[in-house]
Amino acid sequence: MKGVIVLALKEMVIETYGIDKWKNALAKAGIGEEPLIMPISNVDDQIFLRVVNSLCEVLNISFIQAADAFGDYWVTVYSQKMYRVYYENVKTAKEFLLKMDSVHVASTKSIPDANPPRFEYEWKDEKTLIMKYKSQRGLIDLMVGLIKGVGKLYKEDLKVTKLGSDKVGIVFP
Ligand code: HEM
C-alpha cells in the first residue's frame, strides 16, 4: 500500500484520538521504531493491516468503524489538501464516484510499483449504481467508508450497501 494512505491514517488518528493511541497501536503491532514514510513509499500490505488491526484494539472499535472514520477523513480532509485538483469542477457525488477509476490510475501513474484498485460501473436503474471493486487487497469495507465520505462531502444522503466482497451498491437521492 502506498505511504500516502498510511500518512493519512496516522494524521487522522493523531488529530482525532491523540498521538498516544497511534504510538500504542504501533507498539501493539510489533513496530518498535517507526520508519520514515513518504507518500510514494511502499508499505507492505500485511504490515499495514497489522497496524490497522492493532489500532482497532487500542481504540476499541471494529474494522468497519475504522474504515468509516478513515473514509470520512480521507475524503473530507486529507485528499482536499493533497489532491484538490480531482475535486475541481465536480459538483455531485455521482460525478465524483464515476471519476474514481480514472483518478486511481492517474494518481498512481507516476508512482513506481503502485497497484491501485480499479472500479467498474453498472447502473441497475437510474438511481442505483453498482460499483465493482477490483483489487487483490480485499478492502471492500474501506471502499464503503470512502463512498460514505463522498456522500458527506457533497451533502447527499447516499445509501451505500456492501453487496459482497467485490461490489457496492449506491442509491442516489
Ligand atoms: C481524490 C480522491 C482519491 C484519491 C486521490 C485516491 C488515491 C488513492 C491512492 C493513491 C491509493 C493507494 C493505491 C496503492 O497503494 O496502490 C488509494 C487506495 C484506495 N482507494 Fe482511493 N483515492 C481517492 C478516493 C477514493 C474513493 C472515493 C474510493 C471509493 C470508491 C477509493 C477507494 C480506494 C480503496 C478501496 C483503496 C485501497 C487499496 C485497495 O483496496 O487496493 N478511493 N486511493
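Residues numbered from 1 in each chain as written. Predicted model: local features only at pLDDT ≥ 70, side-chain atom pairs only at ≥ 80, totals over all residues.

Novice: I'd like a rundown of the domain arrangement of the chain, residues and numbers included.
Specialist: Structurally, the chain comprises domain 1 (3-61) and domain 2 (92-171). Look at where the C-alpha atoms of domain 1 and domain 2 centre, and you get two points 23 Å apart. (Domains from an automatic or database assignment.)

Novice: Describe the nonpolar core, and please don't skip the residues or the numbers.
Specialist: F70, M143 and I147 are the most contacted members of the largest nonpolar core, which totals 34 residues. Among the elements of the structure, α1 (3-17), α2 (19-28), α3 (45-59), α4 (63-82), α5 (93-108), β2 (128-134), α6 (140-153) and β4 (167-171) are those that each provide at least two residues to this core. With seven residues, the single largest contributor to this core is α4. Residue-level mapping places this core at the junction of two domains, with at least three residues from each of domain 1 (3-61) and domain 2 (92-171). Not counting the four nearest positions on each side in its chain, M143 is found in contact with Y133 and V168. (Core = buried A, V, L, I, M, F, W, Y, C linked by C-beta atoms within 7 Å. Buried ≥ 20, exposed ≤ 12 C-beta atoms within 10 Å, placed from the backbone. Helix = DSSP H or I, 4+ residues; strand = E, 2+ residues; numbered from the N terminus. Contact = placed C-beta atoms within 7 Å.)

Novice: Provide a residue-level description of the site of the ligand, including the pertinent values.
Specialist: For the ligand, the set of nearby residues contains 25 residues, the closest of which are K2, P117, S135, L139 and L146. At the level of elements, α1, α4, α5 and α6 are the ones that each hand at least two residues to the shell around the ligand. The class makeup of the residues in the shell around the ligand is 17 nonpolar, six polar and two charged. (Near = placed C-beta within 6 Å. Nonpolar A, V, L, I, M, F, W, Y, C, P; charged D, E, K, R; others polar.)

Novice: Account for the environment of L9, with residues named and values stated.
Specialist: Within the element layout of this structure, L9 appears in helix α1. We classify L9 as buried; it has 23 C-beta atoms within 10 Å. For the pair L9 and G71, spaced 62 residues apart in sequence, the C-alpha separation works out to 9.6 Å.

Novice: Lay out the environment of T108 in plain terms, naming residues and giving numbers.
Specialist: Its location among the elements puts T108 in helix α5. Taking the C-beta count within 10 Å as the criterion, T108 has 17 such neighbours and is therefore assigned partly exposed. The spatial distance from the C-alpha of T108 to the C-alpha of L153 is 23 Å, given a sequence separation of 45 residues. Setting aside chain neighbours within four positions, we find T108 in contact with A114 and P116.

Novice: Explain the pairing of strand β1 (residues 118-125) to me, and be specific about the residues and the numbers.
Specialist: Inspection of the sheet shows β1 paired to β2 by seven bridges, in the antiparallel sense. The partner of R118 across the bridge, within β2, is K134. In this structure, the hairpin formed by β1 and β2 is closed by a connection of two residues. (Pairing = 2+ DSSP bridges.)

Novice: I'd like a description of unusual backbone geometry, backed by residues and values.
Specialist: Positive phi, normally seen in glycine, also occurs at D113, with a value near 60 degrees. Locating D113 in the fold gives a position in the loop between α5 and β1. In the Ramachandran plot, K155 falls in the positive-phi region, its phi being about 55 degrees despite a non-glycine side chain. Looking at the element boundaries, K155 is found in the loop between α6 and β3 (159-162).

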